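For reference, the chains in residue letters:
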Amino acid sequence: MTNFHGTTILAVRHKGKIAVAGDGQVTLGSTIIKHHAKKVRRIYNDKIIVGFAGATADALNLFDRLEKKLERFNGNLTRAAVELAKDWRTDKYLRRLEAIMIAVDESKIFLISGNGDVIEPDEGYISIGSGSVGAQAAATALLNHTDLDARGIVEESMKIACSMCVYTNDSVTIEEL
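Described below are features of the structure shown in this document. Predicted model only: the values in this text are computed from it and were never measured.

### A closer look at the sheet that holds strand S11 (residues 125-129)
In step 1: The four strands lie next to each other as S11-S2-S3-S12, forming an open sheet whose pairing is antiparallel. This sheet does not close on itself; its edge strands, each paired only once, are S11 and strand S12 (172-176). Pairwise comparison of adjacent strand axes, ignoring direction, gives a mean angle of 10° for this sheet.
In step 2: Summarising the sheet, strand S2 (residues 8-14) and strand S3 (residues 17-23) pair through six bridges and their orientation is antiparallel. In the sheet register, histidine 14 faces S3, and the bridge partner there is lysine 17.
In step 3: Contacting S2 and S11, helix H3 (residues 132-145) runs over the sheet at an angle of about 160° to S11.

### What about the pattern of salt bridges?
In step 1: Under the counting rule described, the total for this entry stands at ten salt bridges.
In step 2: The salt bridge partner of arginine 79 is glutamate 83, with a shortest N-O separation of 3.7 Å. With arginine 79 and glutamate 83 both in helix H2 (residues 77-90) and four residues apart, the pair spans about one turn of that helix.
In step 3: Given the relative accessible area of 42%, arginine 79 is considered partly exposed.
In step 4: Two residues, glutamate 176 and arginine 151, come together in a salt bridge whose shortest N-O distance is 3.0 Å. Within this pair, whereas glutamate 176 is found in strand S12, its partner arginine 151 is found in helix H4 (residues 150-164), the two being separated by 25 residues in sequence.

### What to know about the nonpolar core
In step 1: Among the nonpolar cores identified, the biggest contains 23 residues, and Val50, Leu66, Leu70, Met101 and Ile112 are the most heavily contacted of them.
In step 2: Only strand S7 (48-54), helix H1 (56-72), H2, strand S8 (99-104) and strand S9 (109-113) provide two or more residues apiece to this core.
In step 3: Among the elements that make up this core, the one with the highest residue count is H2 (six residues).
In step 4: The residues touching valine 50, leaving out its near neighbours within four places in the chain, are Lys39, Val40, Arg41, Ile43, Phe63, Leu66, Met101, Ile102 and Ala103.
In step 5: Within the second largest apolar cluster, 15 residues are counted, among which are Leu10, Ala19, Ala135 and Ala150.

### Description of the packing of H3 against H4
In step 1: Where H3 contacts H4, the two axes come as close as 8 Å, and the packing angle between them is 140°. Of the possible angle classes, the one that applies to H3 and H4 is oblique. Here H3 runs over H4; the crossing is right-handed. Contact residues: H3 offers Gly134, Ala135, Ala138, Ala139, Leu142 and Leu143, while H4 offers Ile153, Glu156, Ser157, Ile160, Ala161 and Met164.
In step 2: Taken together, the residues of the contact of H3 with H4 break down into nine nonpolar, two polar and one charged.

### So, the packing of aromatic side chains
What describes a pair of aromatic rings is the distance from one ring centre to the other and the angle between the planes of the rings.
In step 1: What the rule picks out here adds up to one aromatic pair.
In step 2: Between phenylalanine 52 and phenylalanine 63, the aromatic rings sit 5.7 Å apart at their centres with planes inclined by 70°, giving edge-to-face as the arrangement. With phenylalanine 52 in strand S7 and phenylalanine 63 in helix H1, the pair connects residues that are eleven residues apart, well separated along the chain. In this structure, phenylalanine 52 and phenylalanine 63 share a single accessibility class: buried.

Reading the values: rules and limits
Residues numbered from 1 in each chain as written. Predicted model: local features only at pLDDT ≥ 70, side-chain atom pairs only at ≥ 80, totals over all residues. Heavy atoms only, no water. Pairing = 2+ DSSP bridges. Helix = DSSP H or I, 4+ residues; strand = E, 2+ residues; numbered from the N terminus. Axes fitted to C-alpha atoms, helices over the stretch in contact; angles between N-to-C directions. Contact = heavy atoms within 4.5 Å. Salt bridge = Lys/Arg side-chain N within 4 Å of Asp/Glu carboxyl O. Buried < 20%, exposed > 50% of the residue type's maximum accessible area, 1.4 Å probe, protein only. Core = buried A, V, L, I, M, F, W, Y, C linked by side-chain atoms within 4.5 Å. Parallel < 35°, antiparallel > 145°, perpendicular 65-115°, else oblique. Left-handed = near helix turned anticlockwise from the far one by under 90°. Nonpolar A, V, L, I, M, F, W, Y, C, P; charged D, E, K, R; others polar. Phe/Tyr/Trp six-rings, centres within 6.5 Å; stacked < 30°, edge-to-face > 60°.

So, to be careful, I would describe these as geometric facts and stop short of saying anything about function.
Right, here's the structure in full:
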């Protein structure tokens, strides 16, 4: 069976704002089967933005589970992310999920994975997916050498990523806090 490949998700905190962008391309093998998928969305009363790379059904399952954890822990993203990662790593069913996600609130950015990772980047940005290296490199340069705001940085960085990665397109969804 052919696997679904790639995406690019980029989160940037800059000048008191945070922006999360994700491309819309879905591929099956070497064929593009969808151009406008929405891989970035708001959860928990629009206070948390999440983006995913990987299998869509798996990611939607994880979004639901993260939102339940957020409800359980009164919106505490750190606690919810740690508890989700623990479940993801130890549960026989969840371990098989093929996705990785970024979750952000007003003060935190986390990468959450099935390996039990809950990583908060040292800098105010992080990227996942097949185009993540290009997107993160572009964001680094733009943060250090322009006056763009967070939205402008993710917009320009995603343009660069889609020019480099065949699994990333220019149909970009951006959510901001």
